[in-house]
Amino acid sequence: MDPEQRSRFLQAIAAAGDSADMWQAGQDLGLERSDTESLATALMAEGLLEMVSLSGKVRLTPAGRQLLDTASPEEELDLAAWLQAVAAADGLGLPEPTARDLAADLATLQAQLQRSRPLTAVVNACLEAIADALAASDSPLAQELAHLGRRLRLP
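A.B. asks: Please clarify how the overall build of the protein chain should be interpreted in this entry.
C.D. replies: Across its full length, the protein chain carries 8 helices and 3 strands. Order of helices (α) and strands (β) in the protein chain, N terminus to C terminus: α-β-α-α-β-β-α-α-α-α-α. On C-alpha atoms alone, the protein chain measures out to a radius of gyration of 17 Å, which is about the 15 Å that the 2.2 N^0.38 rule sets for 155 residues. With the C-alpha coordinates of the protein chain rotated into their principal frame, the extents come out at 50 × 35 × 20 Å. Every one of the 155 residues in the protein chain was classed for burial, and the buried ones make up 40%. Of all intrachain contacts in the protein chain linking residues separated by at least 6 positions in sequence, the fraction that spans at least 24 positions is 56%. Accessible surface, the protein chain: about 8,400 Å² in total, of which carbon and sulfur atoms supply 50%. Once the 12 positive and 23 negative side-chain charges of the protein chain are each reduced to a mean point, those two points are 5 Å apart.

A.B. asks: I keep staring at the packing of aromatic side chains and nothing clicks. Help me out?
C.D. replies: The description of an aromatic ring pair uses the distance of the two centres, along with the angle that the planes make with each other. Applying the stated criterion across every chain yields a total of 0 aromatic pairs. Taking the ring centre of W23 as reference, the NZ or CZ of R33 above it sits at 3.8 Å.

A.B. asks: Just to check I follow, could you spell out the nonpolar core for this structure?
C.D. replies: Nonpolar side chains in soluble globular proteins generally cluster together in the buried interior. Residues F9, I13, L49, W82, L109, L134 and L145 are the most contacted members of the largest nonpolar core, which totals 40 residues. The element contributing the most residues to this core is helix α7 (residues 120-135), with 6 residues.

A.B. asks: Looking at this structure, how should I read the pattern of salt bridges?
C.D. replies: Side chains that differ in charge, positive against negative, can pair when their charged atoms come close. Using the criterion set out here, one finds 6 salt bridges in the structure. Between E144 and R6 there is a salt bridge, and its shortest N-O distance comes to 2.0 Å. Here the residue E144 occupies a position in helix α8 (residues 140-151), and R6 occupies one in helix α1 (residues 3-16), the gap between them amounting to 138 residues. When sorted by exposure, E144 lands in the same class as R6, which is buried. Across the pair E128 and R150 runs a salt bridge whose closest N-O atoms are separated by 2.8 Å. With E128 in helix α7 and R150 in helix α8, this pair connects stretches of sequence that are 22 residues apart. In this structure E128 comes out as partly exposed when scored by relative accessible area, which is 31%.

A.B. asks: Sorry if this is basic, but what is going on with the side chain of S139 here?
C.D. replies: In this fold, S139 is placed in the loop between α7 and α8. Within polar-contact distance, the side chain of S139 engages the backbone nitrogen of L141 at 3.2 Å.

A.B. asks: Could you clarify how one ought to interpret helix α6 (residues 96-113) in this entry?
C.D. replies: Because an α-helix packs 3.6 residues into every turn, residues spaced three or four apart end up facing the same way. Look at α6: 26 Å from first C-alpha to last across 18 residues, which is about the 26 Å you get at 1.5 Å a residue. Of all the positions in α6, only L102, D105, L106, L109 and Q112 are classed as buried. One side of α6 holds all its buried residues, which, seen down the axis, span an arc of 125 degrees. Where the residues of α6 are buried, they touch α5 (79-88) and α7.

A.B. asks: Just checking my understanding: could you explain the sheet that holds strand β1 (residues 20-21) for this structure?
C.D. replies: Sheets are built from strands paired through backbone hydrogen bonds, the pairs being either parallel or antiparallel. Taken in spatial order, the 3 strands line up as β1-β3-β2 in an open sheet, and their pairing is antiparallel. Of all the strands in the sheet, just β1 and β2 (49-51) have a single pairing partner and so form its edges. The pairing of β1 with strand β3 (residues 57-60) spans 2 bridges and is antiparallel. Residue pairing in the sheet places A20 in a bridge with V58 of β3. Taken strand by strand, α1 contacts β1, β2 and β3, and its axis lies near 100 degrees from that of β3. Against the sheet, helix α3 (residues 33-45) makes contact with β2 and β3, and its axis sits at roughly 110 degrees relative to β2, the strand it touches most.

Calculation criteria
- Residues numbered from 1 in each chain as written.
- Predicted model: local features only at pLDDT ≥ 70, side-chain atom pairs only at ≥ 80, totals over all residues.
- Heavy atoms only, no water.
- Helix = DSSP H or I, 4+ residues; strand = E, 2+ residues; numbered from the N terminus.
- Rg over C-alpha atoms; globule rule 2.2 N^0.38 Å.
- Buried < 20%, exposed > 50% of the residue type's maximum accessible area, 1.4 Å probe, protein only.
- Contact = heavy atoms within 4.5 Å.
- Areas by Shrake-Rupley, 256 points an atom, 1.4 Å probe, with all protein chains shown as cover.
- Lys, Arg positive; Asp, Glu negative; His and termini not counted.
- Charge placed at Lys NZ, Arg CZ, Asp CG, Glu CD.
- Phe/Tyr/Trp six-rings, centres within 6.5 Å; stacked < 30°, edge-to-face > 60°.
- Lys NZ or Arg CZ within 6 Å of the ring centre and 35° of its normal.
- Core = buried A, V, L, I, M, F, W, Y, C linked by side-chain atoms within 4.5 Å.
- Salt bridge = Lys/Arg side-chain N within 4 Å of Asp/Glu carboxyl O.
- Polar contact = N/O pair within 3.5 Å; in protein donor to acceptor, adjacent residues only side chain to side chain.
- Expected span 1.5 Å × (residues − 1).
- Arc of directions from axis to C-beta.
- Pairing = 2+ DSSP bridges.
- Axes fitted to C-alpha atoms, helices over the stretch in contact; angles between N-to-C directions.

Structure follows, in structure tokens:
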């Protein structure tokens, strides 16, 4: 799934409100009906989109809204929102050692952010390690979170 197309589809759904029409959103993006259905189904499987009616009405889930807010190109990325999206992500398909390392790196990063002056090198190393772990997953959500994580850095 094309990350740009995925993002534009989620943005179109968000702009249309709580009972957006997935068929209209797909048409607005120039997608064929089958491509719209595949995209919407994949987003539902990731827990980012939910069906409101069988006629094609959909809405973003809280995780979808959070991801969209985190990925907004108009705003500077928010580290806290990204961390929340990573913590909320389920079923990333990571093997046990990688999943355990990811949990440890997330805990370390959260601890650093509670310091009065977070250690820049530690924060940036955790961000890189978390992004690497997410990138090891086949999940499109994990891939997108990894991409966003690589854009986050403390100066």
